[in-house]
Amino acid sequence: MDEELGNRTTQVTHVVMLPFPARGHVNPMMHLATRLAARLDGLAITFVNSEANSRMMNKIGCGRGIRFLEIPDGLPDDADRSTQVIELCKSVMTDMAAHFDRLIGRLVEESDTDAVPRPTCIVADTWLTPLTIETAAEFGLSHISFWTQSAASFASLHAITANAYRPLPEGQ
């Protein structure tokens, strides 16, 4: 959405943020959304959460300029997402991916008539990059991968994938 201001044109940036639907991922993404909304004028943020996490989330004090939307994660309502991690991961990459793609399509379509501008960027949890980068490309949006976990967990994962992790010999 462009607004003419004399000879200057300002563009409102609309960022759609999607964390992996687990508390250890939602909280850091929410902190980022809150800080961005507080510090950057001309920024519209849509925070997309799973329906299950949204029911548990306290949105009071999250900051102005953040709109909350929900999509299903694919698991039944009574599923224990803290113990059924494998099932959650599978449903996120299949069911939730399709819901997110449709949501972005709807946001793009509604941007012509809605007060909220067309999405310009997706900020997604790094674990969701395989599904969100395709959606971003499909709709011509920028894509940012955001690591929601600690630096220590990133270093550990890097060491394991780089084959730098060596177990101690037995007896040590």
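Just above, that's the structure.
Residues numbered from 1 in each chain as written. Predicted model: local features only at pLDDT ≥ 70, side-chain atom pairs only at ≥ 80, totals over all residues. Heavy atoms only, no water.

Caption draft 1: Representation of the overall build of the protein chain. Counting its regular elements, the protein chain contains five helices and seven strands. Start at the N end of the protein chain and walk to the C end: the helices and strands fall as β-β-β-α-β-α-β-α-β-α-β-α. Out of the 172 residues in the protein chain, the part that is buried amounts to 37%. In the protein chain, 53% of the contacts between residues at least 6 apart in sequence involve partners at least 24 apart. Here the protein chain displays about 10400 Å² of accessible surface, and carbon together with sulfur accounts for 54% of that area. (Helix = DSSP H or I, 4+ residues; strand = E, 2+ residues; numbered from the N terminus. Buried < 20%, exposed > 50% of the residue type's maximum accessible area, 1.4 Å probe, protein only. Contact = heavy atoms within 4.5 Å. Areas by Shrake-Rupley, 256 points an atom, 1.4 Å probe, with all protein chains shown as cover.)

Caption draft 2: Expanded view of the environment of Val48. When you line up the elements, Val48 lands in strand E4 (residues 43–50). A relative accessible area of 0% means that Val48 is categorised as buried. Beyond its immediate stretch of four places on either side in the chain, Val48 contacts Val16, Met17, Leu18, Pro19, Leu69, Ile71, Phe100 and Leu103.

Caption draft 3: Quick peek at the pairing of strand E7 (residues 142–146). Pairing geometry for strand E6 (residues 121–125) and E7, over five bridges, is parallel. If you follow Val123 over to E7, its bridge partner there is Ile144. As a crossover connection, the stretch from E6 through helix H4 (residues 129–139) into E7 is right-handed. (Pairing = 2+ DSSP bridges. Right-handed = clockwise from strand over helix to strand, strands pointing away.)

Caption draft 4: Geometry of the sheet that holds E4. As summarised here, the arrangement of the five strands in space is E5-E4-E3-E6-E7, forming an open sheet in which the pairing is parallel. In this open sheet, the two edge strands, each paired with only one partner strand, are strand E5 (66–71) and E7. Mean inter-strand twist for the sheet, computed between neighbouring axes without regard to direction, equals 20 degrees. Across five bridges, the pairing between strand E3 (residues 13–18) and E4 is parallel. For Val15, the partnering residue across the bridge sits in E4 and is Ile45. On top of the sheet, helix H3 (residues 85–110) reaches E3, E4, E5 and E6; it is set at about 135 degrees to E5, its chief contact. (Axes fitted to C-alpha atoms, helices over the stretch in contact; angles between N-to-C directions.)

Caption draft 5: Region of interest: H3. For H3, the principal kink sits at Val92 and spans about 40 degrees. Taken together, the buried positions of H3 are occupied by Leu88, Ser91, Val92, Met96, Ala97, Phe100, Leu103, Ile104, Gly105, Leu107 and Val108. Those residues of H3 hidden inside the fold are in contact with E3, E4, E5, E6 and H4. (Bend = angle between axes of the 7 residues up to and from the residue.)

Caption draft 6: Just helix H1 (residues 23–39), in detail. For H1, with 17 residues, the first-to-last C-alpha span of 24 Å sits near the 24 Å given by 1.5 Å per residue. Every buried residue belonging to H1 is among His25, Val26, Met29, Met30, Ala33 and Ala37, and all of these are buried. Here the buried residues of H1 occupy an arc of 120 degrees about the axis, which is enough to place them on one side. Away from the buried face of H1 by more than 90 degrees, exposed residues Gly24, His31, Arg35, Ala38 and Arg39 are located. (Expected span 1.5 Å × (residues − 1). Arc of directions from axis to C-beta.)

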